[in-house]
Amino acid sequence: MPRSQTVLIDPAGRDQATVLEVIEGVCRVYCPCEETEGMTLAFLQSGDRLRTDRLCSDGVCIEALTALKFRRDAVSTDELGLDAVNEWTLQLLRIRHLGQAEQRLHALMALLVNRLGFRCRDAFQLPFRLTHDRFGELIGATRVTTTRLMSKWRQAKLVAMASGDVTMQLSPELIATSPLQF
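Residues numbered from 1 in each chain as written. Predicted model: local features only at pLDDT ≥ 70, side-chain atom pairs only at ≥ 80, totals over all residues. Heavy atoms only, no water.

Visitor: Provide a residue-level description of the side chain of Ser171, including the pertinent values.
Guide: Relative to the elements of secondary structure, Ser171 occurs in the loop between β11 (168-170) and α5 (172-176). Setting aside anything within four residues of it in sequence, one finds Ser171 in contact with Phe124, Lys157 and Leu158. (Helix = DSSP H or I, 4+ residues; strand = E, 2+ residues; numbered from the N terminus. Contact = heavy atoms within 4.5 Å.)

Written out as structure tokens, the structure reads:
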């Protein structure tokens, strides 16, 4: 692949675990999503391997920074395990890339529900609560901003937290309209 060329690694094969291996050269891997505006995920060089099946719902783009040779293969059985820390780091980075605090908090709630929550009757439930300080830290906002947004959502009945309860209830509408899909 010549320098400066970009190629989309199609997400169509997401059901099959795949790995990208750089044989020669250097490339930038980035997310093509509209919401994150080409957010850089990694730089790879000869010998580097990257799982591509869990990176971004829109696939990933490879930009050749030098002349590049790479291949995409099925993940071998010894590579099938998922690095949970890297996965969380990537998803939190995607969230932090959104422009407005409300979008970031909205996407964070969807991520938490999709990964750690469960459906109960007419809502989703998280089996824990985070402080407004913690939400602020995760989305790059102040506690005051997070408190204002959470109050707005409580009034709109999108979020419920009973006093003394350690869980959070989130409406299906809030999760379905997340600015990012997980």
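More follows now that the structure is in view.
Visitor: So, helix α2 (residues 101-116): which residues are in play, and what are the values?
Guide: If you check α2, its first and last C-alpha atoms are 22 Å apart, about what 16 residues at 1.5 Å a residue would give, namely 22 Å. Taken residue by residue, α2 has Ala101, Arg104, Leu105, His106, Ala107, Leu108, Met109, Ala110, Leu111, Leu112 and Val113 as its buried positions. (Expected span 1.5 Å × (residues − 1). Buried < 20%, exposed > 50% of the residue type's maximum accessible area, 1.4 Å probe, protein only.)

Visitor: Just give me the short version of the pairing of strand β9 (residues 123-126), but keep the residues and values in it.
Guide: Burial of the side chains of β9 extends over both faces: Ala123 and Gln125 are buried on one face and Phe124 and Leu126 on the other. Direction of pairing for strand β8 (residues 118-120) relative to β9: antiparallel, over a ladder of three bridges. By the bridge assignment, Cys120 is partnered in β9 with Ala123. As consecutive antiparallel partners, β8 and β9 are separated by two residues, and within that stretch Arg121 has a phi angle of approximately 45°, a positive value. As defined by bridge partners, β9 adjoins β11 across three bridges and the pair is classed as antiparallel. Across the sheet, the residue bridging to Leu126 is Met168, located in β11. (Pairing = 2+ DSSP bridges.)

Visitor: With reference to specific residues and values, describe the nonpolar core.
Guide: In this structure, Leu105, Met109, Phe135, Met150, Val159, Met168 and Leu170 are the most contacted members of the largest nonpolar core, which totals 27 residues. At the level of elements, α2, β9, α3 (132-139), α4 (143-155), β11 and α5 are the ones that each hand at least two residues to this core. With nine residues, α2 is the largest single contributor of residues to this core. Apart from residues no more than four positions distant in its own chain, Met109 is found in contact with Phe135, Met150, Trp153, Met168, Leu170 and Ile175. (Core = buried A, V, L, I, M, F, W, Y, C linked by side-chain atoms within 4.5 Å.)

Visitor: I'd like a description of the side chain of Arg28, backed by residues and values.
Guide: Mapped onto the fold, Arg28 is located in strand β3 (residues 26-30). Looking at Arg28, its side chain comes within polar contact range of the side chain of Glu63, at 2.7 Å. With sequence-adjacent residues up to four places away left out, Arg28 is seen in contact with Gly38, Thr40, Ala42, Phe43, Cys61, Ile62, Glu63 and Leu65. (Polar contact = N/O pair within 3.5 Å; in protein donor to acceptor, adjacent residues only side chain to side chain.)

Visitor: Quick one: what's the story with the state of the cysteines, residue by residue and with numbers?
Guide: Using the criterion set out here, one finds zero disulfides in the structure. Its sulfur unpaired, Cys61 is 8.4 Å from the next cysteine sulfur, which belongs to Cys31. With relative accessibility at 8%, the residue Cys61 sits in the buried group. (Disulfide = S-S within 2.5 Å.)

Visitor: Tell me what's going on with the pattern of salt bridges, and back it up with residues and numbers.
Guide: In total, this model carries six salt bridges according to the counting rule given. Across the pair Glu63 and Arg28 runs a salt bridge, and its minimum N-O distance is 2.7 Å. Of this pair, Glu63 sits in strand β6 (residues 60-64) while Arg28 sits in strand β3, and the two are 35 residues apart along the sequence. Overall, Arg28 belongs to the buried group, its relative accessible area being 17%. (Salt bridge = Lys/Arg side-chain N within 4 Å of Asp/Glu carboxyl O.)

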